[in-house]
Amino acid sequence: MNAPDTTLKQGRKWDQVLGGARTVFLRDGFEGASVDDIVREAGVSKATLYSYFPDKRLLFLEVAKCECKAQSEDAAARICCSGDFAEGLADAAGRMVRFFVSDVGLQVHRIVVGESQRFPEIGRDFYASGPAQVREILKDFLRKGVEAGTLRIDDLDLAADQFAELCKAGLHLPMVLGLRERPTDEEIDRVVLSAVDMFLCKYGVAPRG
């Protein structure tokens with residue numbers, strides 16, 4: 001089987017197609033979204049949609065990449081506006097977790113994992129546009145904590161990865177496997193606050209009395 005061409009051709013109705021697809025995917029999910037619904041919502045023809053996205057998976061992944069980018073930019077803005085390090089870390093973590101356990105986040109994870117062995121470029125493209133950007137934002141935030149004397153971290157890459165994994169504890173894998181319902185805000189806050197506490201116990205510098 002030939003790998004799908006992930007080099008997409010953009011045109012003047014690109015944003016229109018993505019906007020319609022986003023509405024339908026968020027409403028109906030990947031499996032429930034039909035091409036007919038997407039073209040109707042976007043106000044374009046099937047020929048226009050297929051000229052941009054010959055495969056529904058590629059359209060879904062492009063919508064997901066845009067969602068990841070928006071989430072990462074929002075998290076970065078919130079971190080920069082926060083005057084308290086632990087508060088900024090918790091806020092960013094809460095946003096990451098809510099995306100991890102959202103319908104779109106879970107569907108993206110399943111599709112990318114399912115297709116990446118056959119089509120590695122799908123995994124590479126998605127990782128570069130989403131998780132890698134979030135990782136860099138988190139590393140920059142942690143680096144500022146080190147420079148300010150709030151944190152003591154020798155390996156920022158490892159620390160950023162550890163924090164992301166702490167934020168998934170007890171939530172992400174069971175949801176990926178369909179073993180539980182979407183967590184409540186209280187359950188998410190419990191995991192996030194515990195992740196921040198554990199992270200700061202390892203890397204935080206106690207203030208001098």
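Residues numbered from 1 in each chain as written. Predicted model: local features only at pLDDT ≥ 70, side-chain atom pairs only at ≥ 80, totals over all residues. Heavy atoms only, no water.

- The name an unreviewed UniProt entry gives the protein is TetR family transcriptional regulator, with Silicimonas algicola as the organism.

**Notes on the packing of aromatic side chains**
Right, so step 1: The tally for this structure, following the rule as stated, stands at 8 aromatic pairs.
Right, so step 2: Here Phe 25 and Phe 30 contribute two aromatic rings whose centre-to-centre distance is 6.3 Å and whose plane-to-plane angle is 20°, an arrangement assigned as stacked.
Right, so step 3: Between Phe 199 and Tyr 203, the ring centres sit 5.0 Å apart and the planes meet at 50°, which makes this aromatic pair tilted. Of the two residues, Phe 199 and Tyr 203 both sit in helix 11 (residues 185-203), 4 residues apart, roughly one turn of that helix. There is no split in this pair, since Phe 199 and Tyr 203 are both buried.
Right, so step 4: Aromatic rings pair up to connect Trp 14, Tyr 52 and Phe 53 into one cluster. (Phe/Tyr/Trp six-rings, centres within 6.5 Å; stacked < 30°, edge-to-face > 60°. Helix = DSSP H or I, 4+ residues; strand = E, 2+ residues; numbered from the N terminus. Buried < 20%, exposed > 50% of the residue type's maximum accessible area, 1.4 Å probe, protein only.)

**Brief notes about the packing of helix 5 (residues 85-100) against helix 8 (residues 131-147)**
Right, so step 1: Two numbers describe how helix 5 lies on helix 8: the axes approach to 11 Å, and their chain directions differ by 170°. Relative to helix 8, helix 5 is oriented roughly antiparallel. The residues of helix 8 that touch helix 5, namely those facing Phe 85, Gly 88, Leu 89 and Met 96, are Val 134, Leu 138, Phe 141, Leu 142 and Gly 145.
Right, so step 2: For the contact of helix 5 with helix 8, the per-class residue count stands at 7 nonpolar, 2 polar and no charged. (Axes fitted to C-alpha atoms, helices over the stretch in contact; angles between N-to-C directions. Parallel < 35°, antiparallel > 145°, perpendicular 65-115°, else oblique. Contact = heavy atoms within 4.5 Å. Nonpolar A, V, L, I, M, F, W, Y, C, P; charged D, E, K, R; others polar.)

**Concerning the UniProt feature "DNA-binding region" (unreviewed entry) in the protein**
Right, so step 1: UniProt feature "DNA-binding region" (unreviewed entry): in the numbering of this structure it lies at residues 34-53.
Right, so step 2: The span residues 34-53 carries 75% helix and 0% strand; its end-to-end C-alpha distance comes to 14 Å. (UniProt positions renumbered as here; feature names shortened; annotations may be inferred.)

**What to know about a nonpolar patch on the surface**
Right, so step 1: Where nonpolar side chains cluster on the molecular surface, the patch consists of Leu 173, Leu 177 and Leu 179 and spans about 350 Å² of accessible area.
Right, so step 2: Considering the arrangement of structural elements, one finds Leu 177 in the loop between helix 10 (172-176) and helix 11. (Patch = residues over 30% accessible without salt bridge, like charges linked within 9 Å, V, L, I, M, F, W, Y side chains within 5 Å. Areas by Shrake-Rupley, 256 points an atom, 1.4 Å probe, with all protein chains shown as cover. Salt bridge = Lys/Arg side-chain N within 4 Å of Asp/Glu carboxyl O.)

**Some words on the nonpolar core**
Right, so step 1: Counting 31 residues, the largest nonpolar core has Val 17, Phe 25, Ile 38, Phe 53, Leu 59 and Val 108 as its most contacted members.
Right, so step 2: Elements represented by at least two residues in this core include exactly helix 1 (14-32), helix 2 (35-42), helix 3 (46-52), helix 4 (56-81), helix 6 (103-116) and helix 7 (120-129).
Right, so step 3: When residues of this core are assigned to domains, at least three map to each of domain 1 (12-54) and domain 2 (65-203).
Right, so step 4: Those residues in contact with Leu 59, other than ones at most four positions away along the chain, are Val 17, Leu 18, Ala 21, Phe 25, Ile 38, Leu 49 and Phe 53.
Right, so step 5: Listed in part, the 29 residues of the second largest apolar core include Phe 141, Leu 142, Ile 153 and Ala 159. (Core = buried A, V, L, I, M, F, W, Y, C linked by side-chain atoms within 4.5 Å. Domains from an automatic or database assignment.)

**A short note on the pattern of salt bridges**
Right, so step 1: Evaluated as defined, the whole model comprises 15 salt bridges.
Right, so step 2: Among the ionic contacts, a cluster of salt bridges with common partners joins Arg 135, Glu 136, Lys 139, Asp 157 and Asp 161.

**Some thoughts on the environment of Val 112**
Right, so step 1: Looking at the element boundaries, Val 112 is found in helix 6.
Right, so step 2: Using a relative accessible area of 11% as the deciding quantity, one classes Val 112 as buried.
Right, so step 3: The spatial distance from the C-alpha of Val 112 to the C-alpha of Asp 125 is 9.9 Å, given a sequence separation of 13 residues.
Right, so step 4: Those residues in contact with Val 112 that sit more than four places away from it in its chain are Leu 61, Gly 123 and Phe 126.

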